[in-house]
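Secondary and tertiary structure notes
Residues per chain, in single letters:
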There are 2 protein chains.
Amino acid sequence: MKACIITIGNEILKGKTVNTNFTEIGRMLYFSGYDVYRGMIVPDVKEEIGNAFRSLAGLCDVIVSSGGLGPTFDDITVASFGEEFKIPLVLDKETLLTIKRITERRGVEMTKEREKMALIPEGSTLIANEVGTAPGIEYQKESTIIFMLPGVPVEMRSMLKQIESKIKLKDSFYAENSILIQGIYEATLAPYVTELMNKHKGKVYIKSHPMINKGGESALEVEVSAKSEMLETSKSTVAEVLREIRSIEKKIKS
Amino acid sequence: MKACIITIGNEILKGKTVNTNFTEIGRMLYFSGYDVYRGMIVPDVKEEIGNAFRSLAGLCDVIVSSGGLGPTFDDITVASFGEEFKIPLVLDKETLLTIKRITERRGVEMTKEREKMALIPEGSTLIANEVGTAPGIEYQKESTIIFMLPGVPVEMRSMLKQIESKIKLKDSFYAENSILIQGIYEATLAPYVTELMNKHKGKVYIKSHPMINKGGESALEVEVSAKSEMLETSKSTVAEVLREIRSIEKKIKS
């Protein structure tokens, strides 16, 4: 099963904000058993947002987006989504009541900007915002489930937990672990990694990450991941391959 | 002028690595005068990498990618790019000599994995790697300049500086600045922001970012950016709009 991520906002594209939302969404999807297959970062531009949803809807089983659900003029995710797929927006009465309660409690006015947060694509299911105002949106578009989450990290995170329990695959478990290898260059290890990948074809993925080492010596983080129908099987495969890598390390150093 | 970013690597999609390369590339492009228009995050899969370059080449004047230039089996950016656009790869003799010098100095073998780093698309210009082994690649594809940089941040960063001086626009200067506003909700400020944006139509962009506040009080970072042919003009426009926002703040609080 494939999953894709869309993050929306000029601040990410121009490098003002480090895209930690992307990282958190990716991690949740990965550990829920999905292949996280493509990510798109788009500006607060209607056509770009619409295009991102359209190009990924055909490709992925799950899409999670973050950003553009708030009250400002450039929070246009819902409107862009609706327009792209010709889905009318409807005013959700319960959300409107919640917004009214919040504005009364805060002693602020009900504005059309606040009311906008209660506009949702017809046929959506809402995801409760336990932290802020705008609800998240779940929409089934043919075989793709689309989740639109806010960009404010604390709100996004609380919704991620809610959707995790909903989409977690029951027959796909990833495990991963890594070891640090000192004094061996990535290119020296590379042919052994290729060989190991072939030996465990399709069952494991091995990736090496060169690290900056204070002493100037080369260091590699070698990460092994495996996927299977049982978490225990995945874990033991990872452990086995890591042992094989340690023996290769000894062989190279001897 | 539009710029796009591609970052390549499973580790980003599955949330192992926070995509700081994306942020650094975005910031360089933005302050070089470009509209950073779309980002794509793709896995170490040939078709996905090829598709990313193809779909952005028609859209952007500049594309910067990072990742997939190293010696391991899944470093396939150059091969994917060449295959997608039917550009043959050629062995760059000077790079091969550099790699040979490095391997001799390190006392390690020359392997085909190391040799791979000297394979470049025919017609490329190389970007010197001042820190590691694999060079960066510059390729002019019709009206789009494509830069392929390594994923190791310290290597990527050193090349970003080299290309910045090459692509910096001479007639497009961004300036930005932000202020912190306490005790006003984003939705309360929103209609005033819309009004200000209309007043300075096309000249400024105003974005508010709700902040987490220790005291529990709402806080907003309001960021103003402007673009013009002169840096001084952009800066004074930003300063003017920030003053207008401070008066709005006073008005709301009075």
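Residues numbered from 1 in each chain as written. Chains lettered and ligands numbered in written order. Predicted model: local features only at pLDDT ≥ 70, side-chain atom pairs only at ≥ 80, totals over all residues. Heavy atoms only, no water.

Focus: the packing of helix α3 (residues 46-57) of chain B against helix α4 (residues 77-85) of chain B
All names here are of chain B.
- Axis separation between α3 and α4 bottoms out at 8 Å; the angle between their running directions is 60°. Relative to α4, the element α3 is oriented oblique. At the point where α3 passes α4, the crossing takes the right-handed sense. For the pair α3 and α4, contact is made by Lys46, Ile49, Gly50, Asn51, Phe53, Arg54 and Ala57 and by Thr77, Ser80, Phe81, Glu83, Glu84 and Phe85, respectively.
- In the contact of α3 with α4, the residues fall into five nonpolar, four polar and four charged. (Axes fitted to C-alpha atoms, helices over the stretch in contact; angles between N-to-C directions. Helix = DSSP H or I, 4+ residues; strand = E, 2+ residues; numbered from the N terminus. Parallel < 35°, antiparallel > 145°, perpendicular 65-115°, else oblique. Left-handed = near helix turned anticlockwise from the far one by under 90°. Contact = heavy atoms within 4.5 Å. Nonpolar A, V, L, I, M, F, W, Y, C, P; charged D, E, K, R; others polar.)

Brief notes about the domain arrangement of chain A
Residues and elements named next belong to chain A.
- Domain boundaries assigned for chain A yield domain 1 (2-167) and domain 2 (173-253).
- Each partner contributes residues to the interface: domain 1 has six residues there, and domain 2 has five residues.
- With both chains or domains summed, domain 1 and domain 2 bury close to 480 Å², and 44% of this area falls on carbon and sulfur atoms.
- Inspection of the region where domain 1 meets domain 2 yields two salt bridges.
- Between glutamate 176 and arginine 27 there is a salt bridge, with the nearest N and O atoms lying 3.0 Å from each other.
- Summed over the shared surface of domain 1 and domain 2, the result is four residue pairs in polar contact (both at pLDDT 80 or more).
- Residues belonging to the side of domain 1 that touches domain 2 are distributed by class as follows: three nonpolar, one polar and two charged. (Domains from an automatic or database assignment. Buried area = accessible area lost by both parts, 1.4 Å probe. Salt bridge = Lys/Arg side-chain N within 4 Å of Asp/Glu carboxyl O. Polar contact = N/O pair within 3.5 Å; in protein donor to acceptor, adjacent residues only side chain to side chain.)

Observations concerning the relation of the copies chain B and chain A
- Between the two copies, chain B and chain A, the superposition gives an RMSD of 0.0 Å; the rotation angle is 180° and the shift along the axis is 0.0 Å. The relationship between the two copies is best expressed as a two-fold rotation axis. Across chain B, the smallest distance between a C-alpha and the rotation axis is recorded for methionine 40 of chain B, namely 2.3 Å.
- The fraction of interface residues of chain B whose copies in chain A are also interface residues reaches 100%, indicating that both copies meet through the same surface. (Least-squares fit on C-alpha atoms with pLDDT ≥ 70 in both.)

Quick notes on the environment of isoleucine 99 of chain B
Residues and elements named next belong to chain B.
- The residue isoleucine 99 is located in helix α5 (residues 93-106) in this model.
- When its relative accessible area of 1% is taken as the criterion, isoleucine 99 is described as buried.
- Residues isoleucine 99 and glycine 132, 33 residues apart in the sequence, show an inter-C-alpha distance of 9.9 Å.
- In contact with isoleucine 99, other than residues within four places in its own chain, are Met110, Arg114, Met117, Ala118 and Thr133. (Buried < 20%, exposed > 50% of the residue type's maximum accessible area, 1.4 Å probe, protein only.)

Details of the sheet that holds strand β9 (residues 173-182) of chain B
Residue and element names in this part refer to chain B.
- As summarised here, the arrangement of the three strands in space is β9-β11-β10, forming an open sheet in which the pairing is antiparallel. The outermost strands of the open sheet, each flanked by one partner alone, are β9 and β10 (204-211). The sheet shows a mean angle of 20° between the axes of neighbouring strands, taken without regard to direction.
- Looking at chain direction, β10 and strand β11 (residues 219-228) are connected through eight bridges and run antiparallel. When the bridges of β11 are listed, histidine 209 appears paired with glutamate 221.
- Against the sheet, helix α8 (residues 186-199) touches β10 and β11, its axis set at about 175° to β10. (Pairing = 2+ DSSP bridges.)

Details of the interface of chain B and chain A
- Between chain B and chain A, the residue contacts involve 61 residues of the former and 61 residues of the latter.
- Interface area, chain B with chain A, both sides summed: about 5000 Å², of which 59% is carbon and sulfur.
- Linking chain B to chain A there are 16 salt bridges.
- Glutamate 48 of chain A serves as the salt-bridge partner of arginine 38 of chain B, at 2.8 Å between the closest nitrogen and oxygen.
- Linking chain B to chain A there are 24 residue pairs in polar contact (both at pLDDT 80 or more).
- Elements that contribute at least two residues to the side of chain B that touches chain A include exactly α1 (10-13), α2 (20-31), β2 (35-42), α3, α6 (112-116), α8, β10 and β11 of chain B.
- Among the elements that line the side of chain B that touches chain A, the one with the most residues is α8 of chain B, at eight residues.
- Residue composition of the side of chain B that touches chain A, grouped by class: 28 nonpolar, 17 polar and 16 charged.
- The sheet contact formed by strand β2 (residues 35-42) of chain A and β2 of chain B spans three bridges and is antiparallel. Residue pairing for β2 of chain B: glycine 39 of chain A is matched across the bridge by isoleucine 41 of chain B.

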